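Geometric and topological summary
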Amino acid sequence: EMSYNIASFAEPLKITEKQKETILPKEMVNSLVSLYPKSRKWLFDKVITDVNSRKRKIIFLMDDTETIKKGCLIIKDYPDEKKICTIWVNSKFKDEYEDIIRALIDRAIVNLKVDMPLVTLSSKCKYFEIYDKIFKDYGFLLLDVKDDYYIKGIKEYCYNGVLE
């Protein structure tokens, strides 16, 4: 079993206009845009702004050399909403896929100070079964399924809460 210590994680606290375009791995941005067409604007406007005002965090899981981003977590820490917005795993680390997901969820739980953060999963996600299994291992509860919430014809599965 893989375990990652706190030093394995990197968290930018301030993101400048210049860093905005390069801070997130291109593969991550592209895979998010393929799942959620409007996510590019959300990532570069909403997320970055919220990171700078401490309402969201972007947390990277780094490799041993601390140069390669193995995975990324984006969490929303609003007083009324504790949410895992994004979990991404670098495709070069397929053999560690589940370990990386679990490490990122553990980090989210620590940062959000809740055991059951809101998290949603698109039916279009290539690894739907893996995520669903891991969420169930954590005791996350599937509380709602929304049709057409982000994209027509796609279901969004909501764990530990509902999308308004």
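Residues numbered from 1 in each chain as written. Predicted model: local features only at pLDDT ≥ 70, side-chain atom pairs only at ≥ 80, totals over all residues. Heavy atoms only, no water.

1. As for the environment of glycine 153
The cut-off we apply is this: Helix and strand definitions here come from DSSP, where helices need a minimum of 4 consecutive H or I residues and strands a minimum of 2 consecutive E residues; each element is numbered from the N-terminal end. Throughout this description, buried means an accessible area under 20% of the type-specific maximum (1.4 Å probe, protein chains only), exposed means over 50%, and partly exposed covers the range between.
As for its position among the elements, glycine 153 is in the loop between strand S6 (142-147) and strand S7 (155-159). Since its relative accessible area comes to 65%, glycine 153 is described here as exposed. Along the chain, glycine 153 and lysine 124 lie 29 residues apart, while their C-alpha atoms are 9.7 Å from each other.

2. Quick word on the environment of proline 25
Checked against the element boundaries, proline 25 lands in the loop between strand S1 (9-10) and helix H1 (26-35). Proline 25 sits 85 residues away from valine 110 along the chain, and the two C-alpha atoms are 24 Å apart.

3. Notes on the pattern of salt bridges
Which entries qualify depends on this criterion: The term salt bridge refers to a side-chain nitrogen of Lys or Arg lying within 4 Å of a carboxyl oxygen of Asp or Glu.
If you walk through the whole model with that rule in mind, you get 16 salt bridges. Between lysine 41 and aspartate 45 there is a salt bridge; the shortest N-O distance is 2.9 Å. Note that lysine 41 and aspartate 45 are positioned in helix H2 (residues 39-52) at a spacing of four residues, about one turn of the helix. Relative accessible area serves as the criterion here: at 60%, lysine 41 is assigned to the exposed category. For aspartate 45, a relative accessible area of 32% puts it in the partly exposed group. What emerges from the salt-bridge pattern is a single network uniting Glu17, Lys20, Lys41 and Asp45.

4. Observations concerning H2
Put simply, the rule reads: By this rule the span expected of a helix is its residue count minus one, scaled by 1.5 Å. Here, residues are in contact when the closest pair of their heavy atoms is within 4.5 Å.
Its 14 residues place the ends of H2 18 Å apart at the C-alpha level, agreeing with the 20 Å of an ideal helix rising 1.5 Å per residue. Looking only at H2, the buried set comprises Ser39, Leu43, Phe44, Val47, Ile48, Asp50 and Val51. Looking at the packing, one finds that the buried side of H2 touches H1, strand S2 (56-62) and strand S3 (69-78).

5. Structural notes on the sheet that holds S1
Threshold: DSSP bridges decide pairing: two strands pair if at least two such bridges lie between them. The angle between two axes is taken between their N-to-C directions and runs from 0 to 180 degrees, where each axis is a line fitted to C-alpha atoms and a helix contributes only its stretch in contact.
Read across the open sheet, the seven strands follow the order S1-S2-S3-S4-S5-S7-S6; overall the sheet is mixed. Of all strands in the sheet, those with a lone pairing partner are S1 and S6, marking the two edges. Most of the contacts of H2 go to S2, to which it runs at about 100°, and overall it touches S2, S3 and strand S4 (81-89). Docked against the sheet, helix H3 (residues 97-112) engages S1, S2, S3 and S4, running at close to 30° with respect to S3.

6. A few points about empty space enclosed by the protein
Gaps left between atoms show up when a probe the size of a water molecule is rolled over them. Using the following cut-off: As defined here, a cavity is a set of points on a 1 Å grid over the protein atoms alone where a 1.4 Å probe fits but cannot get out. A pocket is an open set with protein on both sides within 12 Å along at least five of seven lines, and residues line them when an atom is within 4 Å of a point. Grid points are joined across faces, edges and corners, and a volume is the space filled by probe spheres set on the points. Polar here means any residue outside two lists: the nonpolar Ala, Val, Leu, Ile, Met, Phe, Trp, Tyr, Cys and Pro, and the charged Asp, Glu, Lys and Arg; Gly therefore counts as polar.
For the coordinates displayed, the defined rule picks out one cavity of 30 Å³ or more. For the largest cavity, the calculated volume is near 40 Å³. Around the largest cavity, the lining residues are Glu11, Pro12, Leu13, Val51, Arg54, Arg56, Lys57 and Ile58. Sorting elements by how many residues they give to the lining of the largest cavity places S2 first, with three residues. Of the residues in the lining of the largest cavity, the class split is four nonpolar, no polar and four charged.

Such coordinate-based values are descriptive only and should not be taken to indicate function.
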